[in-house]
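Observations on the three-dimensional arrangement
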Amino acid sequence: MATKILPLELIDKAIGSKIWILMRGKTEVVGILRGFDDYVNLVLDDAIEYTPDTRTGDITRTELNSEILLNGNQIAVLVPGGSPPGDSLAVASES
């Protein structure tokens, strides 16, 4: 039988590592996870935000040069310790 792991335990294991976050809408954030709470509000360092421009289709890359707090209500997907998939905004902006 496989070992069960709770969602908050998985996030806890990712503290100190890179995390890819897909927000509600089309914004993506990549950064180093420093902490979180029971509502999955996240504290990130060295975060980069990727947002599509709806008029031109270009991707805006914004380096957030301070510690940031992400509201857990706006988070759709977390990928701890992983890189964004090939079709993500983060990958597309680097091309």
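Our subject is the structure listed above.
Small disclaimer: the values here were computed from a predicted structure and weren't measured.

**Quick notes on the pairing of strand β3 (residues 42-52)**
Two faces, one strand: in a regular strand the side chains alternate between the faces of the sheet. Pairing analysis gives seven bridges linking strand β2 (residues 28-36) to β3, with the strands arranged antiparallel. Along β3, the bridge assignment pairs F36 with L42. Following β2, the chain reverses through five residues before pairing antiparallel with β3; V40 in that reversal takes a positive phi of roughly 60 degrees. Pairing of β3 with strand β5 (residues 68-70) involves three bridges; the strand directions are antiparallel. By the bridge assignment for β5, L42 is matched with L70. Alignment of β3 against strand β4 (residues 59-64), held across six bridges, turns out to be antiparallel. Its bridge partner being in β4, E49 is matched across the sheet by T62. Taking the residues between adjacent antiparallel strands as the criterion, β3 and β4 are bridged by six residues, where G57 takes a positive phi near 85 degrees.

**Here we look at the environment of P52**
Tracing the backbone through its elements, the reader meets P52 in strand β3. The spacing of P52 and G25 is 27 residues in sequence and 10.0 Å in space, taken between C-alpha atoms.

**Quick look at the pattern of salt bridges**
According to the stated counting rule, one finds three salt bridges in the structure shown. Note that R55 and D53 form a salt bridge whose closest N and O atoms lie 3.6 Å from each other. Given a relative accessible area of 23%, D53 falls into the partly exposed group. As a salt-bridge pair, E63 and R61 come within 2.8 Å of each other at their nearest N and O atoms. For E63, a relative accessible area of 48% corresponds to the partly exposed category.

Analysis parameters
Throughout, residues of each chain are indexed from 1 in the direction in which the sequence is written. At least 70 in pLDDT is required for a residue's local features to be given in this predicted model, at least 80 for side-chain atom pairs to be given and counted, and no such filter applies to totals for whole chains, interfaces and linings, which use all residues. The side-chain numbers reported here are obtained from all heavy atoms of the structure, hydrogens and water having been left aside. Criterion used throughout: strands pair if DSSP finds at least two bridges between them. In DSSP terms, a helix is any run of H or I states spanning at least four residues, a strand is any run of E spanning at least two, and both are numbered starting from the N terminus. A pair is scored as a salt bridge if a Lys or Arg side-chain nitrogen falls within 4 Å of a carboxyl oxygen belonging to Asp or Glu. Throughout, exposure labels follow a simple rule: accessible area from a 1.4 Å probe, protein chains only, divided by the maximum for the residue type, with under 20% read as buried, over 50% as exposed, and the rest as partly exposed.

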